[in-house]
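Close look at the chain arrangement
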Amino acid sequence: MSTEPGAGSTPRGTDSFAGPHPGDSLFSSLKIRNYRLFFLGQVVSNNGTWMQRIAQDWLILSLTGSSTAVGVTTALQFLPLLLFGLPGGVLVDRLRKRPVLAVTQVTMAATALTLAALTLTGHVRVWHVYAAAFAVGLATVLDNPARQSFLSELVGPDQLRNAVGLNSANFQSARLIGPAVAGLLITGIGTGWAFLLNGLSFAAPLTCMLLMRTGDLRGAERAPRGKGQLREGLRYVAGRPELLWPIVLVGFVGTFALNFPVHLSAFADDVFHVGAGTYSLFNTLVACGSLAGALLAARRGTARLRLPFLAALVFGILEIAAAAAPTLWSFALFMVPLGLFAMVVNVTTNATIQTSTDPTVRGRVTALYMMVLLGGAPVGAPLIGWITDTYGPRTGLATAGAMATGTAAVTGLVLARAGGHRLAIRWTGHRPRMRIVPGSPAEGPTDRRDRR
């Protein structure tokens, strides 16, 4: 394995990583210059990305009047992950991460600028939006695993969990600004301007990557070319229950329960009969919860294995409750906790994968995680969109919540019986608390409180 820069000696400069200290804060990873540049570039780009997401969903709804069409757009954006996600992870393990990210950022910028030109000139058609969504998805096949794997080169292992949490907080904080700006642009001057600003926003991460100090990047061993590398990555995950079952959990939740574009646009348009401004407000409230969830996960030095399962269980129950909300504002109140628990599932699973996976297969494992989290949308989004169109938005959202609740319960129990783990249920007063602990289920409970 290659030696990391500065190993065995004092790292260069005060910005270099020097390990955790008792005084490290929630933002400790930002002390590292290269990560700070990466973070700043993503602040700008992420806001543009969320502007385009809102504008894209509202544009397709305006062109077709169909929630199914919104689901199809979402499906096309994530279909490449389903088709090519694992080969993309193999390729990322072989390549240098920074040049890969530069290529993907340029590709996504060109796609946004093309869609902006078509929309602003009045020539945009439904198939143009579909094609743009698919093109962004193709770039994401390499961008997602490269960006996630690149974090370990920026900060080193001891700060990796904090950097993962801050990266998610960065992305989610953009939901506070991006949707609000998109709503103002759509209602004020038109959808095309949101696409234009997103295309221009990619200049920020490209510039920041050029300013990084190459010598401060931590060496990462790249996988050599060889046969069977895709199967090797799958076998690696299959042999580790602590990786396998959280990935299965986020796969089902991502496919069937995280279709916010379908649900929120349908509730705004069909249930409460409001416009793009309220739709963007729903997304902003979800972002508030997501940001809180990401910061909570970043602040924790470790994450217990039970946490994503419990968070998914609560998330599903909240979706079912939100489906029955009688008024616009009672529905809006559910958005913050929905965003929080969805993000806790995402960040804790992601951090576990990043910190528990060998660097030579990290790209493949991360690609598998992103594929099941986002690549299920080609199946889930149109299906949930069809249920929404056929039986109504409330039934569509309740169905999604039931899927999340059932998946969390089943995968938690399966993990309890697999890989030397068991499910311990302890009672605090009259409340049961579930946790997954080492030990064979056949051994029985080790604490009398577990038997209750």
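Anything mentioned here points back to the structure above.
Residue indices follow the written sequence of each chain, beginning from 1 at its first position. A pLDDT threshold of at least 70 governs which residues receive local features in this predicted model, and a stricter bar of 80 or more applies before side-chain atom pairs are shown or counted, although totals over entire chains, interfaces and linings include all residues. Computation of side-chain values covers all heavy atoms of the structure but excludes hydrogens and water.

So, about the side chain of Thr 119. Helix and strand assignments come from DSSP, with helices taken as H or I runs of at least 4 residues and strands as E runs of at least 2, each series counted from the N terminus. Among the secondary structure elements, Thr 119 is positioned in helix α3 (residues 97-120). With residues near it in sequence (within four places) discarded, Thr 119 still touches Leu 59, Val 124, Thr 191, Gly 192 and Phe 195. Any two residues having at least one pair of non-hydrogen atoms within 4.5 Å are treated as being in contact.

Attention now goes to the side chain of Gln 105. Inspection of the secondary structure assignment puts Gln 105 in helix α3. Every residue in contact with Gln 105, bar those within four places of it in the chain, is listed here: Ser 45, Asp 143, Phe 202, Pro 205, Leu 206 and Met 209.

Within the secondary structure, Leu 397 is located in helix α17 (residues 393-417). Taking C-alpha positions, Leu 397 is 9.9 Å from Gly 385, a pair spaced twelve residues apart along the chain.

A side-chain nitrogen of Lys or Arg and a carboxyl oxygen of Asp or Glu constitute a salt bridge if their distance falls within 4 Å. Tallying each qualifying case throughout the model produces two salt bridges. Here Arg 147 makes a salt bridge to Asp 143, at a shortest N to O gap of 2.2 Å. A residue pair is termed a helical-turn pair when its members lie 3 or 4 positions apart in one helix, as Arg 147 and Asp 143 do in helix α4 (residues 126-155) at four residues. Look at Asp 143 and you get buried, because its relative accessible area is 2%. For the salt bridge of Arg 213 with Asp 216, the shortest nitrogen-to-oxygen distance reads 3.7 Å. Accessibility here uses a 1.4 Å probe with only protein chains present; expressed as a share of the type maximum, an area under 20% marks a residue as buried, one over 50% as exposed, and anything in between as partly exposed. Judged by its relative accessible area of 33%, Arg 213 is partly exposed.

Here the focus is the nonpolar core. The biggest cluster of nonpolar side chains holds 67 residues, and the ones touching the most others in it are Leu 264, Phe 282, Phe 315 and Phe 331. If we ignore the near neighbours within four places in the chain, the residues touching Phe 315 are Val 253, Ala 257, Leu 258, Phe 260, Leu 338, Phe 341, Ala 342 and Ala 404. Only buried Ala, Val, Leu, Ile, Met, Phe, Trp, Tyr and Cys residues count toward a nonpolar core, and they belong to the same one when joined by side-chain atoms within 4.5 Å. By size, the runner-up hydrophobic cluster in this structure holds 23 residues, among which are Phe 39, Leu 154, Val 155 and Leu 160.

Another point: a nonpolar patch on the surface. Only residues whose relative accessible area exceeds 30% and that take part in no salt bridge are eligible for patches, with like-charged residues grouped when within 9 Å of each other and nonpolar side chains (Val, Leu, Ile, Met, Phe, Trp, Tyr) grouped when within 5 Å. Where accessible areas are quoted, they stem from the Shrake-Rupley method and a 1.4 Å probe; at the residue level, only the protein chains shown are allowed to cover. On the surface, Leu 82, Leu 83, Phe 84, Leu 138 and Val 379 cluster together into a nonpolar patch covering about 420 Å² of accessible area. Broken down by element, the nonpolar patch gets its largest block of residues, three residues, from helix α2 (residues 67-94). Mapped onto the fold, Val 379 is located in helix α16 (residues 377-391). A relative accessible area of 47% means that Val 379 is categorised as partly exposed.

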